[in-house]
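An overview of the molecular structure
For reference, the chains in residue letters:
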Number of protein chains: 2
Amino acid sequence: MMKINKNLTISEVSEFSGVAGSALRFYEKKGLIHSTRTSGNQRRYHSSMLRRIALIQVAQSVGFTLEEIILELESLPMNKTPTKRDWERVANKWQADLEDKMKRMQFLKDNLAGCVGCGCLSMKKCQLLKPNDFVQKQGIWHPKVNQ
Amino acid sequence: MMKINKNLTISEVSEFSGVAGSALRFYEKKGLIHSTRTSGNQRRYHSSMLRRIALIQVAQSVGFTLEEIILELESLPMNKTPTKRDWERVANKWQADLEDKMKRMQFLKDNLAGCVGCGCLSMKKCQLLKPNDFVQKQGIWHPKVNQ
DNA sequence: ACTTGACTTAAAGTTAACTTTAACAATTAT
DNA sequence: ATAATTGTTAAAGTTAACTTTAAGTCAAGT
């Protein structure tokens, strides 16, 4: 049975986090996570790394790339449990980015709604679905819609 | 100067939509868009294809993969201007999927907020940041936070 | 001590969504 | 008519985010 507070092996971290060992090694190469080594060169992870990995997972699930996540997490310390301030900094930054993304989605959703609601599909008004002014001016964008 | 309602060449479609010609050919191979051919085998696009391409762009911008977009758009006719019903079917389907995505993001955002608001970072309560029960039970998940 | 299972690395393979290249054909402008 | 531009294909290259493989090393149980 596992001891509390021992350093975790890669397969333990993999099991707990649901992230494949190969991916953990890959993340480490990218500088996203960190491990220490045993005398025999095997990786050992501090338990705080689990939280960091969970954050990475969540960030990915909402569409952040690993490069973006590196930026999001760069102010979170690797080796110590983050302080409240560390955490706040990261969470605020992340929330702002999330808010951005959501605003864009809401905009798209609203415009779609407009298109559906209106009889002629609102193509003339729909900012979303006009590739550019040229098309609009040439009148090739919104031909008659078959009813 | 371009005539209204003529069939569009690939470079015209590319200019209007902002999508590279190579991407348009790629989309066609995937079955996302459609073109007719001149006697000399060059592609010509109906203007309604511009709207379809714009839809593809927008869908991609909110994180749908091309495979997902193929599914979203499969009930939109390729060769004719879509009817109101065609359009409604697609828009409703798409809106539902968007709503799903947004709900997930909101959930994540809320949980992040909880983590920030609480003194101990709410790790024990935060569903989001617990990889699984095991970790929680072993007490390795939420070690003391440095203040 | 020894065997089995877990771990290590480097390098090659995978999928998505394209782009680039090469070699050649069709259109358009003069 | 001819040059310049635009288009065609197939095949190889690109980036992200990994996985798989190969060949060898370490750690744990008996």
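Just so it is clear, the model here is predicted, and its values are computed rather than measured.

Below, the discussion takes up the overall build of chain A. Counting its regular elements, chain A contains 6 helices and 2 strands. Sequence-ordered secondary structure for chain A, helices as α and strands as β, is α-α-β-β-α-α-α-α. When the 147 residues of chain A are sorted by exposure, 47% land in the buried category. For chain A, long-range pairs separated by at least 24 residues make up 42% of all intrachain contacts whose partners lie at least 6 apart in sequence. As presented, chain A carries roughly 7,600 Å² of accessible surface, and 51% of it is formed by carbon and sulfur atoms.

Our focus in this paragraph is unusual backbone geometry. The backbone of A:Asn41 sits at a positive phi, close to 75°, despite the residue not being glycine. Along the chain, A:Asn41 falls in the loop between strand S1 (36–37) and strand S2 (43–44).

Take the protein's contact with DNA strand C next. The environment of DNA strand C is formed by 19 residues, the closest being A:Ser11, A:Arg25, A:Arg43, B:Ser22 and B:Gln60. Within 4 Å of the protein, the atoms of DNA strand C are drawn from sugar and phosphate moieties in a proportion of 86%. Between A:Ser11 and DNA strand C, the recorded distance is 2.8 Å, taken from a side-chain N or O atom to a phosphate oxygen. The separation between a phosphate oxygen of DNA strand C and a polar main-chain atom of B:Gly40 is 3.2 Å. Where the surface near DNA strand C is concerned, the elements lending two or more residues are helix H1 (10–17) of chain A together with helix H2 (21–30) of chain B.

Attention now moves to the nonpolar core. Counting 60 residues, the largest nonpolar core has A:Ile33 and B:Ile33 as the members making the most contacts within it. When sequence neighbours within four positions are dropped, the list of residues in contact with A:Ile33 reads A:Leu24, A:Tyr27, A:Glu28, A:Tyr45, A:Met49, A:Arg52, A:Ile53, A:Ile56 and A:Met78.

What follows is about the confidence of the model for chain A. All names here are of chain A. Overall, the predicted model of chain A reaches an average pLDDT of 73, with 65% of residues at or above 70. Counting interchain partners and residues more than four positions distant, the pLDDT-below-50 stretch residues 116–126 has 27 contacts. The model gives residues 128–147 a pLDDT under 50, and that stretch makes 62 contacts with residues more than four places away or in other chains.

Reading guide: rules and limits
- Residues numbered from 1 in each chain as written.
- Chains lettered and ligands numbered in written order.
- Predicted model: local features only at pLDDT ≥ 70, side-chain atom pairs only at ≥ 80, totals over all residues.
- Heavy atoms only, no water.
- Helix = DSSP H or I, 4+ residues; strand = E, 2+ residues; numbered from the N terminus.
- Buried < 20%, exposed > 50% of the residue type's maximum accessible area, 1.4 Å probe, protein only.
- Contact = heavy atoms within 4.5 Å.
- Areas by Shrake-Rupley, 256 points an atom, 1.4 Å probe, with all protein chains shown as cover.
- Near = heavy atom within 4 Å.
- Polar contact = N/O pair within 3.5 Å; in protein donor to acceptor, adjacent residues only side chain to side chain.
- Core = buried A, V, L, I, M, F, W, Y, C linked by side-chain atoms within 4.5 Å.
- pLDDT = per-residue confidence, 0-100.

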